[in-house]
Amino acid sequence: MQLEEAEKRLGETERKLAHLRSRGNAVPSTKVSENGVKVKEERRSCSPTPTKTGVHSRNGKPEQRPQLVIPAVNPKPFVPVKMEETDSRSIPTHSKSAVKEKGHRISREHEGSETQSKGTKRKFEQREHKDLIQMVCSSSSPRTVNCQTSNHIPSQHKRKLRSLALCPTNDQLFVTSALDGLVNLWEIQARGDRSSASHLSTADCASTKNRRWPEDIAWHPHGGSVFTVYSADGGDSQIAVLNLNKAKEKKRVTFFEDKPHVKGIINSITFMPWEDVCFMTGGSDHAVVHWTERNGEDCWKPKVLHRSMHSSAVMGVAGMQQKQMVVSVGADKRIIGFDLQTGRADYKHQIESKCMSVLPNPCDFNLFMVQTSTPERQLRLFDIRLRRTEIHEFGWKQESSESQSALINQAWSPDGFYLTSGSADPMIHIFDIRFNSKKPSQSIKAHQKRVFKAAWHHSLPLLISISSDLNIGIHKIV
């Protein structure tokens with residue numbers, strides 16, 4: 001009897017073991033991307049809460065997200081397609097082609113669907129508020145950034161560069177614009193200690209009537225297009241969109257028919273960090289205009305948010321993450337925080353200097369920076385919760401010019417602790433907000449002429465800069 005029971009238990013154990021082995025050896029399902037490449041789909045946790053370490057295993061312990069393997073269809077080189085999962089499906093977020101004549105194709109997410117692109121997920125699921133304000137001016141010594149190697153690449157522009165913008169969904173891509181009216185698309189080549197960038201395509205984005213260059217540019221949050229702004233003078237086009245998914249160059253640039261700004265240069269365009277995709281423009285006509293997408297491709301509806309709250313040109317606009325508030329700064333020295341829900345300005349402040357631009361912190365949703373025209377006090381930090389209170393200021397002394405140009409821009413590091421700024425000198429200035437000093441924590445000679453901007457890469461240890469020497473700088477941080 002005992003022998004029979006033992007044999008019975010042994011048989012049950014063997015069946016369970018065989019069942020577990022069959023589950024562990026299940027073949028992953030496959031999906032086919034837009035370009036016909038079969039992509040392995042790994043089973044992932046369906047937990048709605050994102051984690052930094054990846055998904056959870058069956059025993060509750062975190063484990064690394066499995067690497068997606070994409071076999072090449074042809075023997076020629078291929079670029080990995082990054083995957084993003086929504087519900088039980090996986091879709092490719094990017095599809096790239098290095099053929100210049102056909103343009104650089106980036107997959108477009110369908111509007112109105114539940115599927116969100118990688119850039120949108122980064123904004124709404126993975127960004128968490130971190131209280132950095134309590135750490136401002138908390139240290140007597142700066143934490144420096146070790147920037148050892150630099151590589152300078154000809155920008156392929158014939159006139160001075162104006163703008164630099166990194167793609168929000170594909171960490172390998174960025175665009176530059178210049179006074180020649182061209183917008184160039186670049187792909188980062190991260191190769192050991194000496195990174196570089198390859199030129200992928202060029203689009204003529206000069207305005208149709210007066211052939212004006214783009215004053216400012218901004219990526220669409222889904223990553224498939226770049227928006228440009230111009231001037232309201234002479235009845236010219238005010239907004240255009242460069243669709244990177246379209247093959248023929250003549251059809252890639254679409255100019256909007258609506259012209260809500262009434263005069264002067266449109267100084268700023270910024271997409272808001274909210275779930276409903278929209279962008280704001282600020283112009284020399286004192287106006288801030290709210291643009292929302294209509295039904296149909298590249299069709300946007302403008303609405304003037306306010307035109308009388310500034311008494312001079314609006315130089316910069318930005319959106320706060322924690323609520324639908326649009327912060328605008330102007331040459332009238334005013335800082336206005338307009339709440340879209342209430343339809344009124346909940347934040348008003350006026351400083352002693354002209355305001356050039358505004359830039360919210362990527363981690364602390366209450367912290368934002370304003371660039372001013374005061375030498376050695378160019379950058380100011382504010383808490384949106386505090387009225388008329390400046391929590392820190394810093395700046396630099398310029399050797400080649402005493403005036404502060406609105407063409408000089410700043411950028412936050414991904415961790416929110418550092419600010420980089422260009423300069424009329426050939427320097428990149430880096431500020432540590434924890435350092436209780438008004439001077440830069442360090443300055444790097446990066447170019448031969450003035451530096452307009454130095455942007456931090458989202459995931460690679462790189463700084464990317466543009467300069468009036470017509471070069472793009474790729475600076476390795478170690």
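Worth saying up front: this structure is predicted, and the values here are computed from it rather than measured.

With respect to the overall build of the protein
Move 1: If you tally the helices and strands in the protein, you get 3 helices and 32 strands.
Move 2: A total of 478 residues make up the protein; the buried ones form 53% of that total.
Move 3: Here the contacts in the protein between residues at least 6 apart in sequence split such that 51% fall between residues at least 24 apart.
Move 4: Put simply, the protein shows about 23400 Å² of open surface, and 49% of that area lies on carbon and sulfur atoms.

Quick look at the environment of P362
Move 1: Its location among the elements puts P362 in the loop between β22 (355-360) and β23 (367-372).
Move 2: In sequence terms P362 and F417 are 55 residues apart; their C-alpha atoms lie 9.6 Å from each other.
Move 3: Every residue in contact with P362, bar those within four places of it in the chain, is listed here: R127, W412, S413, P414 and G416.

Overview of the sheet that holds strand β24 (residues 379-383)
Move 1: Read from one edge to the other, the open sheet built from 4 strands follows the order β22-β23-β24-β25, with strand pairing classed as antiparallel. In this open sheet, the two edge strands, each paired with only one partner strand, are β22 and β25 (390-394). The sheet shows a mean angle of 20 degrees between the axes of neighbouring strands, taken without regard to direction.
Move 2: Here β24 runs beside β25; their pairing, made up of 4 bridges, is antiparallel. Residue pairing in the sheet places R380 in a bridge with E393 of β25.

Things to note about the environment of A218
Move 1: You can see A218 is positioned in strand β10 (residues 216-219).
Move 2: In the structure, A218 is positioned 55 residues away from S163 in sequence and 9.2 Å away in space, judged by C-alpha atoms.
Move 3: Beyond its immediate chain neighbours, meaning those up to four positions away, A218 contacts S225, V226, F227, I269 and F271.

Thoughts on the environment of I269
Move 1: Among the secondary structure elements, I269 is positioned in strand β14 (residues 266-271).
Move 2: Take I269: its relative accessible area is 3%, and that puts it in the buried class.
Move 3: With 53 residues separating them along the chain, I269 and D216 place their C-alpha atoms 6.4 Å apart.
Move 4: Apart from the residues lying within four places of it in its own chain, the contact partners of I269 are D216, I217, A218, F227, V229, F279, M280 and T281.

A look at the pattern of salt bridges
Move 1: Within the structure shown, the criterion is met by 15 salt bridges.
Move 2: A salt bridge links R434 to D432, with the nearest nitrogen and oxygen atoms 2.9 Å apart. D432 carries the same exposure label as R434, and that label is buried.
Move 3: Among the charged side chains, a salt-bridge network with shared partners connects E352, R377, R380, E390, E393 and K438.

Looking at the nonpolar core
Move 1: By size, the foremost hydrophobic cluster in this structure holds 28 residues, and its most contacted members are L381, L419, I430, I433 and W456.
Move 2: For this core, the elements supplying multiple residues, two or more each, are β23, β24, β26 (410-412), β27 (418-421), β28 (427-432) and β30 (451-456).
Move 3: What I430 contacts, discounting residues up to four positions off in sequence, is V145, Y418, L419, T420, P440, S441, Q442, I444, W456 and L463.
Move 4: Counting residues in each nonpolar core, the second largest holds 17 residues, with V175, C205, Y230 and L242 among its members.

Considerations on the packing of aromatic side chains
Move 1: Counted according to the given criterion, the structure contains 16 aromatic pairs.
Move 2: Relative to W186, the ring of F174 lies with its centre 6.2 Å away and its plane at 10 degrees, an arrangement referred to as stacked. Of this pair, F174 sits in strand β7 (residues 173-178) while W186 sits in strand β8 (residues 182-189), and the two are 12 residues apart along the sequence.
Move 3: By way of ring pairs, the aromatic residues F227, F256, F271, F279, W291 and W300 are connected into one cluster.
Move 4: Its end group placed over the ring of F417, R434 keeps NZ or CZ at 4.0 Å from the ring centre.

Here's the deal with the sheet that holds strand β16 (residues 288-293)
Move 1: Ordered by their spatial adjacency, 4 strands build an open sheet running β14-β15-β16-β17, and the pairing between neighbours is antiparallel. This sheet does not close on itself; its edge strands, each paired only once, are β14 and β17 (300-306). Neighbour to neighbour, the strand axes of the sheet diverge by 25 degrees on average, direction disregarded.
Move 2: As paired elements, β14 and strand β15 (residues 278-283) share 5 bridges and run antiparallel to each other.

Some remarks on the pairing of β30
Move 1: Buried residues dominate β30, accounting for 6 of its 6 residues.
Move 2: Bridge count between β30 and strand β31 (residues 462-467): 5 bridges; the pairing is antiparallel. Counterpart to A455 in the pairing with β31 is I464.
Move 3: Here β30 folds back onto β31, and the loop between the two strands holds 5 residues.

Quick word on unusual backbone geometry
Move 1: Even without a glycine there, the phi angle at H286 is positive, about 75 degrees.
Move 2: Inspection of the secondary structure assignment puts H286 in the loop between β15 and β16.
Move 3: Residue R388 is not a glycine yet carries a positive backbone phi of 55 degrees.
Move 4: Looking at where R388 falls in the secondary structure, it is placed in the loop between β24 and β25.

Remarks on the side chain of S441
Move 1: Counting through the fold element by element, S441 comes out in the loop between β28 and β29 (442-445).
Move 2: Its relative accessible area of 10% is what places S441 among the buried residues.
Move 3: The residues touching S441, leaving out its near neighbours within four places in the chain, are P142, T144, I430, F431, D432 and F435.

Observations regarding the confidence of the model for the protein
Move 1: Averaged over the protein, the pLDDT score is 80; the fraction of residues at 70 or greater is 75%.
Move 2: Note that pLDDT drops below 50 for residues 24-125; the model gives that stretch 172 contacts with residues more than four away or on any other chain.

Criteria and thresholds
Residues numbered from 1 in each chain as written. Predicted model: local features only at pLDDT ≥ 70, side-chain atom pairs only at ≥ 80, totals over all residues. Heavy atoms only, no water. Helix = DSSP H or I, 4+ residues; strand = E, 2+ residues; numbered from the N terminus. Buried < 20%, exposed > 50% of the residue type's maximum accessible area, 1.4 Å probe, protein only. Contact = heavy atoms within 4.5 Å. Areas by Shrake-Rupley, 256 points an atom, 1.4 Å probe, with all protein chains shown as cover. Pairing = 2+ DSSP bridges. Axes fitted to C-alpha atoms, helices over the stretch in contact; angles between N-to-C directions. Salt bridge = Lys/Arg side-chain N within 4 Å of Asp/Glu carboxyl O. Core = buried A, V, L, I, M, F, W, Y, C linked by side-chain atoms within 4.5 Å. Phe/Tyr/Trp six-rings, centres within 6.5 Å; stacked < 30°, edge-to-face > 60°. Lys NZ or Arg CZ within 6 Å of the ring centre and 35° of its normal. pLDDT = per-residue confidence, 0-100.

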